[in-house]
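# Per-entry structural report
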Amino acid sequence: VQNAVEKLEDLRRLFFSITEHLRDTARRQSDLNDETQQHAGVSGDTTLSIIFAPLSERQTELRSIALQIRDALEQQAQQAQQSAAAVGKDPQGTTPSPSHTSEQFVQAARLVGDASQQMQTAEKHMQEDNVDFKQTRESQDAALQHLTEALTLLVPPDQRQNQQQQEQHDQQQDKSESEENQQQQQQNVASNQLLQMVRDREAQRRREKQKGRTRREAVEKDW
């Protein structure tokens, strides 16, 4: 039983890594969708082939990653089922409950697999001589939707809330630091201006003093 529990803990640690890869893939797909949208009004076969070639390569890379994530989730589904069966009941007669069931992994794997198919469709549209922009964007949006649904399925609501709160905290901290830096810069400018005013006044006082000394010397020579 102890060995099975340790394997279950290893499975959970592996799961955290997979969810991070899934989250990163969804983010990169979102960025690619936005960049594709920026070229909505472009026309001309030559221009389109130049623009969409690197975008198509990135889509191919994301599809490859999605397939790897799908395979990993399918493996976790099998391992979760085996581990749950092996753990059985502990000495107190209760059954340890894994954080995710085999069925959740199966559903998530299916969603990621659907996303990879939509990515492949987007690739084909981007590689055509006359790129079908509308179909490309629809496939990309569908792929992102599937990835998001898979991530939502795997990440508990409390963790999503904690992540959102952390992101908001980071944004507020960045904003606060930016405001502090701006305020510090303004203070530095004000200090430099004040220092320059003092220097100017001191230089003016010295010039006036020198002029007064020159006049006195001139008067003494006249006498």
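These figures come from a predicted structure and were not determined experimentally.

## Brief notes about the overall build of the protein chain
Within the protein chain, the secondary structure is distributed over 5 helices and 0 strands. Scored against the burial criterion, the 223 residues of the protein chain give a buried share of 26%. Roughly 15100 Å² of accessible area belongs to the protein chain as shown, and the carbon and sulfur atoms make up 47% of that amount.

## Section: a nonpolar patch on the surface
There is a patch of nonpolar side chains on the surface, built from L194, M197 and V198 and spanning about 280 Å² of accessible area. For V198, the location among the structural elements is in helix α5 (residues 157–222).

## Some words on the confidence of the model for the protein chain
On average, the protein chain scores 77 in pLDDT, and the residues at 70 or more come to 67%. For the stretch residues 89–98, pLDDT sits under 50, and the model shows 10 contacts to residues farther than four places along the chain or on other chains. Every residue in residues 160–164 is under pLDDT 50, and counting partners more than four places away or in other chains gives 3 contacts.

Thresholds applied
- Residues numbered from 1 in each chain as written.
- Predicted model: local features only at pLDDT ≥ 70, side-chain atom pairs only at ≥ 80, totals over all residues.
- Heavy atoms only, no water.
- Helix = DSSP H or I, 4+ residues; strand = E, 2+ residues; numbered from the N terminus.
- Buried < 20%, exposed > 50% of the residue type's maximum accessible area, 1.4 Å probe, protein only.
- Areas by Shrake-Rupley, 256 points an atom, 1.4 Å probe, with all protein chains shown as cover.
- Patch = residues over 30% accessible without salt bridge, like charges linked within 9 Å, V, L, I, M, F, W, Y side chains within 5 Å.
- Salt bridge = Lys/Arg side-chain N within 4 Å of Asp/Glu carboxyl O.
- pLDDT = per-residue confidence, 0-100.
- Contact = heavy atoms within 4.5 Å.

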